[in-house]
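# Geometric and topological summary
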Amino acid sequence: MNHNILKVVSAATILIASQALAAASSDLSKLQTDLDEVCQAFHGKVGYCIVDLKSGKSVGRLQSEMFPSASTIKACVLYETLKQIELGKTTWETKLILPPPTQRSKSMWAAYLAPGINPNLDGLCNLMMNYSDNAATVAISDHVGLENIEKSMNALGMTNTAC
C-alpha cells in the first residue's frame, strides 16, 4: 500500500475516533491537542472544525481558511442532484451525454464507456459515490450546474469551500 495513502487513512481514522471522543466528552481542549498532534505529523495541510452540538463549544485548526473540496465535492453534487430530483427538475432516468473519451478524467468506470453510451443519472450517481468516479462527477455537475451546487452549499452555511 502506498505510504501516503496509509498516512491519510490513519489520520482519518484518528480523526473519526476523536470525533467520537468529543461526543462523549465536554472537554474539547484534550481533543484539540490530540487532533493538532495528528495534523502536525501529517505531510500536508489539514484543517478541521468540530462543534459540540449540545454545548455549542467548538475547536478547530485553520477553520477560517478556504480548502479545495477535492472528492468531498461528490457529496455536494449528490445533494444538489437529490434536490433537483425532488423539485422535478430532473429524474433518476435522465440520460446524460458524456464528453468524448479523450476529454474524460481517467478515473474508474465512466472514463472507459464507449462513445454513444449515455448512462442515466442513477447509474452515474452510483459510480460517483461508490467508486469515486471523477468522469461521472463531472457529467453530473454539468447536468445540475456548478452554480446551483455552489448556491445550495452557501445556503447550508458552507461558504468557505471552493467547488
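Each chain has its residues counted from 1, following the order in which its sequence is written. Where totals are concerned, whole chains, interfaces and linings use all residues; where local detail is concerned, this predicted model gives features only for residues with pLDDT of at least 70, and gives and counts side-chain atom pairs only at 80 or more. Hydrogens are left out, water is left out, and the side-chain values use all remaining heavy atoms of the structure.

### Side note on a nonpolar patch on the surface
Residues with no salt bridge and a relative accessible area higher than 30% make up the patches, which join like charges within 9 Å and nonpolar side chains (Val, Leu, Ile, Met, Phe, Trp, Tyr) within 5 Å. Surface accessibility follows the Shrake-Rupley procedure with a 1.4 Å probe radius. Residue values consider only the protein chains on display as shielding. Salt bridges are defined by distance alone: a side-chain nitrogen of Lys or Arg within 4 Å of a carboxyl oxygen of Asp or Glu. A surface patch of nonpolar side chains, amounting to about 270 Å² of accessible area, comprises Tyr79, Leu156 and Met158. Each helix corresponds to a stretch of at least 4 residues labelled H or I by DSSP, and each strand to a stretch of at least 2 residues labelled E; elements are numbered beginning at the N terminus. Of note, Met158 is situated in the loop between helix 6 (146-155) and strand 4 (161-162). Throughout this description, buried means an accessible area under 20% of the type-specific maximum (1.4 Å probe, protein chains only), exposed means over 50%, and partly exposed covers the range between. The class for Met158 is partly exposed, based on a relative accessible area of 38%.

### A short note on the packing of aromatic side chains
Note on ring pairs: Phe, Tyr and Trp rings are taken, using the six-membered ring of Trp, and paired if centres are within 6.5 Å. Classes follow the plane angle, with under 30 degrees stacked, over 60 edge-to-face and the rest tilted. Counted according to the given criterion, the structure contains one aromatic pair. Relative to Tyr131, the ring of Trp109 has its centre 6.5 Å away and its plane inclined at 90°; by these criteria the two rings are edge-to-face. Separated by 22 residues along the polypeptide, Trp109 in the loop between helix 3 (73-86) and helix 4 (121-131) and Tyr131 in helix 4 bring together distant segments of the chain.

### Description of the confidence of the model for the chain
Looking at the chain, the pLDDT average stands at 83 and 82% of residues meet or exceed 70. For every residue, the predictor reports its confidence as pLDDT, a number between 0 and 100. When the elements of the chain are averaged for pLDDT, helix 1 (residues 3-24) gives the smallest value, 54, and helix 3 the largest, 96.

### Topic: unusual backbone geometry
Phi at Leu62 takes a positive value of approximately 55°, unusual for a residue other than glycine. In this fold, Leu62 is placed in the loop between strand 2 (58-61) and strand 3 (67-68). You can call Leu62 partly exposed: its relative accessible area is 30%. You will see that Ser132, though not glycine, has its phi angle at about 55°, which is positive. Locating Ser132 in the fold gives a position in the loop between helix 4 and helix 5 (134-144). Given a relative accessible area of 33%, Ser132 falls into the partly exposed group.

### Observations regarding the packing of helix 3 against helix 6
Note on definitions: angles span 0 to 180 degrees between N-to-C directions of axes, and those axes are lines fitted to C-alpha atoms, for helices only across the stretch in contact. In contact at an axis separation of 9 Å, helix 3 and helix 6 are set at 95° when each is read in the N-to-C sense. Of the possible angle classes, the one that applies to helix 3 and helix 6 is roughly perpendicular. Contacts between helix 3 and helix 6 involve Ile73, Cys76, Val77, Tyr79, Glu80, Lys83 and Gln84 from the first element and Asn148, Ile149, Ser152 and Met153 from the second. Its residues assigned to classes, the contact of helix 3 with helix 6 shows six nonpolar, three polar and two charged. For this classification, under 35 degrees means roughly parallel, over 145 means roughly antiparallel, 65 to 115 means roughly perpendicular, and everything else is oblique. Any two residues whose heavy atoms approach within 4.5 Å at even a single point are treated as in contact. Three residue categories are used. Nonpolar comprises Ala, Val, Leu, Ile, Met, Phe, Trp, Tyr, Cys and Pro, charged comprises Asp, Glu, Lys and Arg, and polar comprises the others, including Gly.

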